Amino acid sequence: MALKVSWDSKVCIHSANCVKTLPRVFRIENGKFVIEPSAAPDDEVRATVAACPSGALKIEE
Ligand code: SF4
């Protein structure tokens, strides 16, 4: 089963690390931030979440 990733807009500092690192999963569509964890292998999603500098992204187990 694909991972679930949560995003806290109040915590995000908009460094855009996630959208640059893994644009298949983390992208802006029609001005909204979209997360599609199934678009990449779990380990890549986990690594990108772990690299978020603000802690806005979390894996929901
Ligand atoms: S990496 Fe984290 S802080 Fe940066 S834009 Fe993505 S969610 Fe926001």
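We now turn to the structure provided with this report. Computed from a prediction, not measured in an experiment: that's the story for all the values here.

The subject of this paragraph is the overall build of the protein. A count of helical and extended segments in the protein gives 2 helices and 4 strands. Ordering the α and β elements of the protein from the N terminus gives β-α-β-β-α-β. The C-alpha atoms of the protein give 10 Å as radius of gyration, which agrees with the globular expectation for 61 residues (10 Å, within 12%). Seen through its principal axes, the protein has C-alpha atoms that stretch 30 × 25 × 15 Å. Looking at the protein as a whole, 18% of its 61 residues are labelled buried. Excluding contacts between residues fewer than 6 apart, the proportion of contacts in the protein whose partners are at least 24 apart in sequence is 63%.

Next up on the list: the site of the ligand. Taken together, 13 residues lie around the ligand, and Cys12, Ser15, Asn17, Cys18 and Cys52 are the ones closest in. Considering only residue class, the shell around the ligand consists of 9 nonpolar, 4 polar and no charged.

This next bit is on the environment of Val19. Note on placement: Val19 falls in helix 1 (residues 17-21). If we skip the residues at most four places from it in the chain, Val19 touches Phe26, Arg27 and Ile28.

So, about the environment of Glu60. Within the fold, Glu60 resides in strand 4 (residues 57-60). Residues Glu60 and Arg46, 14 residues apart in the sequence, show an inter-C-alpha distance of 11 Å. With residues up to four places along the chain from it excluded, the contact list for Glu60 reads Lys4, Val5 and Ser6.

Bringing helix 2 (residues 42-50) into the picture now. Since the α-helix turns once every 3.6 residues, residues separated by three or four places project in the same direction. Within helix 2, burial applies to Val45, Thr48 and Val49. The buried residues of helix 2 occupy an angular sector of 100° when projected down its axis, which confines them to one face. Opposite the buried face of helix 2, by more than 90 degrees, sit the exposed residues Asp43 and Ala50. Those residues of helix 2 hidden inside the fold are in contact with strand 1 (4-7), helix 1, strand 2 (26-29) and strand 4.

Cut-offs applied
For every chain, the first residue of its written sequence is number 1, and the numbers climb from 1 along that sequence. Per-residue local features are limited, in this predicted model, to residues with pLDDT of at least 70; the limit for side-chain atom pairs, both in listing and counting, is 80 or more; totals at the level of whole chains, interfaces and linings are taken over all residues. By definition, any uninterrupted DSSP run of H or I lasting at least four residues is a helix, any uninterrupted run of E lasting at least two residues is a strand, and each is numbered from the N terminus. Each radius of gyration reported is based on C-alpha atoms, and the globular scaling rule is 2.2 Å times the count of residues to the power 0.38. Each residue is classified by how many other C-beta atoms fall within 10 Å of its C-beta atom, where C-beta atoms are placed from the backbone; a count of 20 or more means buried, 12 or fewer means exposed, and values in between mean partly exposed. Think of it this way: build a C-beta for each residue from its backbone, and any pair within 7 Å is a contact. Residue proximity rests on one test: whether the C-beta atom, placed from the backbone, lies within 6 Å of the molecule or strand. Side-chain classes follow a simple rule in which Ala, Val, Leu, Ile, Met, Phe, Trp, Tyr, Cys and Pro form the nonpolar group, Asp, Glu, Lys and Arg form the charged group, and the remainder, Gly included, forms the polar group. Along the arc lie the directions from the helix axis toward the C-beta atoms.

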